[in-house]
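# Structural description and commentary
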Amino acid sequence: MLHIKVVVVGSINMDLVTRATQFARAGETLLGSSFHRYMGGKGANQAVAAARLGACVTIIGAVGDDDFGLEMVTNLRHEGICTDYVQTIMGQNSGMANITVADEENSIIVIAGANMYLTVADIEAAEERFAEADIILSQLEIPMECVIATSKLAAKYNKPFILNPAPARAIPKELLEQITILTPNRYELAASLGAPQGLSPEELILKSPCPVLMTSGSKGAVYKDPKGRLRHVSGFKVQTSDTTGASDAFNGALAVFWHEGIDIAVRKACAAAALSITRSGAQNGMPFEFELSGFLASQK
């Protein structure tokens, strides 16, 4: 396989995962069934997803000077990811995510920690990696000015730039204009575009100022083709264990296979997302290249 060079600019978190039969309501105490600690953060998850699918990956991010930070950076290196541009922020805690998994759904609260101390200067210090990259990938768990700086460097070197707008927030116009493709789910779509919630997802995709690829879990994904028509790519039905890293598996795979054309890339991304939810833990669930190839062969 051609070894695609992917630069991921994003968050690095520790996921603290509680499993229960249902979500607790306000003021309610429930007994959970288990607790686990997993490596996470949307940036790190997407980096691992891309690396396991055969890409050469560099991650740009920040961790705290705590045990979690050291453990997470060590794990990224174990996955074959270049961590030369991961900053250690003295006196700060690493980012964390409190995740509750109930049935086939999850609820997540992210504590940004060191992620929010990433700077534009840190992005610019990695400029040579942007020049060498085939594609750039980012999310919104880091300061918005860092995402904008990422988009500008991607544009400077004419590199495709994928932005996964999660957690959902309004995206500045100058950033929207630099995006090769935006990958929200249906809940993030209106918020990221600053659009009225009353519009249907299909209307939003058609009216968006930048190309949009909306993910819909097991239903697949929807995007607008060059002729202005909505295209739907079907998803895959699998036995679900943990949906936490599904969108990250999707985006990591999308970046790896982008050069094959959007139809093929989206189908492979849907398959990677499906495989990711069959195992517990966001990064634990990321499929390897041989697993994805075998899964796709079994679907024909």
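Basis of the calculations
Residue numbers here run from 1 along each chain, matching the order of that chain's written sequence. The model is predicted, so local features are restricted to residues of pLDDT at least 70 and side-chain atom pairs to those at 80 or more, both for listing and for counting; the totals for chains, interfaces and linings are taken over all residues. For side-chain calculations, the full set of non-hydrogen atoms in the structure is used, while hydrogens and water are omitted. Helix and strand definitions here come from DSSP, where helices need a minimum of 4 consecutive H or I residues and strands a minimum of 2 consecutive E residues; each element is numbered from the N-terminal end. With a 1.4 Å probe rolled over the protein chains alone, any residue whose accessible area is under 20% of its type maximum counts as buried; one over 50% counts as exposed, and the rest are partly exposed. We call two residues in contact when some of their heavy atoms are within 4.5 Å. In this description, accessible areas are obtained by the Shrake-Rupley approach with a 1.4 Å probe, and a residue is regarded as covered only by the protein chains that are shown. Here Asp and Glu are counted as negative and Lys and Arg as positive; His is not counted, and neither are the chain ends. Every charge is mapped to an atom, namely NZ of Lys, CZ of Arg, CG of Asp or CD of Glu. Here, a strand pair is defined by DSSP locating no fewer than two bridges between the strands. UniProt positions are given in the numbering used here, feature names are shortened, and annotations may be inferred rather than shown by experiment. Among the buried residues, those of types Ala, Val, Leu, Ile, Met, Phe, Trp, Tyr and Cys that are joined through side-chain atoms within 4.5 Å form a nonpolar core. In protein, a polar contact requires one atom able to donate a hydrogen and another able to accept it; more generally it is a pair of N or O atoms within 3.5 Å, and residues adjacent in sequence count only if both atoms are side-chain atoms. For this analysis, a salt bridge means a side-chain nitrogen from Lys or Arg found within 4 Å of a carboxyl oxygen belonging to Asp or Glu. Our working definition of a disulfide is a cysteine sulfur pair at a distance within 2.5 Å.

### Quick notes on the overall build of the chain
Helices and strands together make up the secondary structure of the chain, namely eleven helices and 13 strands. If one aligns the C-alpha atoms of the chain with their principal axes, the spans along those axes are about 50 × 40 × 40 Å. Taken over 300 residues, the chain has a buried fraction of 52%. Taking the intrachain contacts of the chain between residues at least 6 apart in sequence as the baseline, contacts between residues at least 24 apart amount to 67%. A total of about 13,300 Å² of accessible surface is found on the chain, and carbon and sulfur atoms cover 52% of it. Both charge centroids of the chain, one from 25 positive and one from 31 negative side chains, sit 8 Å from each other.

### Thoughts on the sheet that holds strand β8 (residues 135-138)
Reading across the sheet, the six strands line up as β5-β4-β1-β8-β9-β10 and stay open at both edges, with parallel pairing between neighbours. Two strands in the sheet have a free side with no partner beyond their single neighbour: β5 (82-89) and β10 (181-182). With six bridges joining them, strand β4 (residues 56-64) and β5 adopt parallel strand pairing. Note on β5: the bridge partner recorded for Val 63 is Thr 88.

### Section: the UniProt feature "binding site: ATP" (unreviewed entry) in the chain
Per the UniProt record, "binding site: ATP" (unreviewed entry) is found at Asn 185, Thr 215, Ser 216, Gly 217, Ser 218, Lys 219 and Gly 220. Maximum C-alpha separation among the annotated residues is 11.8 Å over a sequence range of 36 residues, consistent with a single clustered spot. For Ser 218, the location among the structural elements is in the loop between β11 (213-215) and β12 (221-224). Classification of Ser 218 by relative accessible area gives partly exposed; the value is 37%. Among all residues touching Ser 218, those that are not within four sequence positions of it are Gly 235, Phe 236 and Lys 237. Among residues more than four places away in sequence, those in contact with Lys 219 are His 232, Val 233, Ser 234 and Gly 235.

### Some words on the nonpolar core
In terms of nonpolar packing, the biggest core is built from 53 residues, with Val 57, Phe 250 and Leu 254 touching the most fellow members. The greatest single-element share of this core, amounting to nine residues, is contributed by helix α10 (residues 262-276). When neighbours within four sequence positions are excluded, Leu 254 is seen to be in contact with Ile 162, Ile 181, Thr 183, Leu 213, Ala 265, Val 266 and Ala 269.

### Here we look at the side chain of Gln 46
Along the chain, Gln 46 turns up in helix α1 (residues 42-52). The exposure class of Gln 46 is buried, given its relative accessible area of 0%. Within the local environment of Gln 46, its side chain forms a polar contact with the side chain of Gln 139, the two groups lying 3.0 Å apart. Those residues in contact with Gln 46, other than ones at most four positions away along the chain, are Leu 137, Ser 138, Gln 139, Asn 164, Asp 248, Asn 251 and Gly 252.

### Observations concerning the pattern of salt bridges
According to the stated counting rule, one finds twelve salt bridges in the structure shown. The closest approach of N and O atoms between Glu 28 and Arg 25, which form a salt bridge, is 3.1 Å. By relative accessible area, Glu 28 is classed as partly exposed at 25%. Note on Arg 25: relative accessible area 61%, which makes it exposed. The partner of Lys 173 in a salt bridge is Glu 177, with the nearest N and O atoms 2.3 Å apart. Classification of Glu 177 by relative accessible area gives exposed; the value is 54%.

### Focus on the UniProt feature "binding site: substrate" (unreviewed entry) in the chain
Mapped onto the present numbering, the UniProt feature "binding site: substrate" (unreviewed entry) falls at Asn 13, Met 14, Asp 15, Gly 41, Lys 42, Gly 43, Ala 44, Asn 45, Glu 141 and Asp 248. Along the chain, Gly 41 turns up in the loop between β3 (34-40) and α1. The exposure class of Gly 41 is buried, given its relative accessible area of 5%. Checked against the element boundaries, Asp 248 lands in helix α9 (residues 246-257). Excluding residues that lie within four positions of it along the chain, Asp 248 makes contacts with Lys 42, Asn 45, Gln 46, Ala 49, Asn 164 and Met 286.

### Focus: the state of the cysteines
Across all of its chains, the model carries zero disulfides by this definition. As a non-bridged cysteine, Cys 56 has Cys 82 as the owner of its nearest cysteine sulfur, 10 Å distant. Of the cysteine sulfurs around Cys 210, a residue in no disulfide, the closest is that of Cys 270, at 19 Å. Owing to a relative accessible area of 5%, Cys 210 belongs among the buried residues under this scheme.

### Comments concerning unusual backbone geometry
For the bond from Ala 166 to Pro 167, the omega torsion is -5°, close enough to zero to count as cis. Looking at the element boundaries, Pro 167 is found in the loop between β9 (161-163) and α6 (173-176). One non-glycine residue with positive phi stands out, namely Asn 158, at about 55°. By the element assignment, Asn 158 lies in the loop between α5 (144-156) and β9.

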